[in-house]
Amino acid sequence: AKMASGAVAGLVAQSSTYPLDLVRRRMQTEGFIDTKGAHEVGLQGRAAKYSTIKTTLNTIWREEGMRGMFKGLSMNWIKGPIAFMISFTVFDYIKIHMSLER
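The structure presented is a predicted model; accordingly, all values stated were derived computationally and were not measured. (Residues numbered from 1 in each chain as written. Predicted model: local features only at pLDDT ≥ 70, side-chain atom pairs only at ≥ 80, totals over all residues. Heavy atoms only, no water.)

When its secondary structure is counted, the protein chain shows 3 helices and 0 strands. Beginning at the N terminus, the succession of helices and strands in the protein chain can be written as α-α-α. Expressed as a percentage of the 102 residues in the protein chain, the buried residues total 23%. When contacts within the protein chain are restricted to residue pairs at least 6 apart in sequence, long-range pairs at least 24 apart make up 68% of them. (Helix = DSSP H or I, 4+ residues; strand = E, 2+ residues; numbered from the N terminus. Buried < 20%, exposed > 50% of the residue type's maximum accessible area, 1.4 Å probe, protein only. Contact = heavy atoms within 4.5 Å.)

Quick look at the nonpolar core now. Counting 6 residues, the largest nonpolar core consists of Tyr-18, Leu-22, Val-23, Ile-60, Met-69 and Leu-73. Listed by contribution, the elements that provide at least two residues to this core are α1 (2-29) and α2 (53-69). Counting residues per element, this core draws most heavily on α1, which supplies 3 residues. In this view, Val-23 contacts Ile-53, Thr-56, Leu-57 and Ile-60; residues no more than four positions away in its chain are not counted. (Core = buried A, V, L, I, M, F, W, Y, C linked by side-chain atoms within 4.5 Å.)

This brings us to the environment of Lys-49. Its place among the elements puts Lys-49 in the loop between α1 and α2. Not counting chain neighbours up to four residues away, the residues in contact with Lys-49 comprise Glu-30, Thr-55, Thr-59 and Glu-63.

We now examine α1. Approximately 55 degrees is the largest bend angle found in α1, and it occurs at Tyr-18, with the proline Pro-19 only one to four residues beyond. Buried residues in α1 make contact with α2 and α3 (73-100). Gly-31 sits one or two positions beyond α1 and adopts a positive phi of about 100 degrees. (Bend = angle between axes of the 7 residues up to and from the residue.)

As structure tokens, this is what we get:
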């Protein structure tokens, strides 16, 4: 039961927060380009496409639609529930173990 509730919590948490995680990733990685082997980093004088959370959300929505907001979520559905399941279970067992030693 603890593992199942951890898995469900992982699915819900990953799904509901994914668009903001995508925004964070887009804003962090903007400007990293590889031009003809020169490995230039930065915007190189260009205006930032993803300058604020709001403009990043609007750009993703306008250019990619609803699917763009959840691009890559399927991989998080694999790793998220497993991580939450382990975390919930380990936390409960440690809590039980610590309370027995008092």
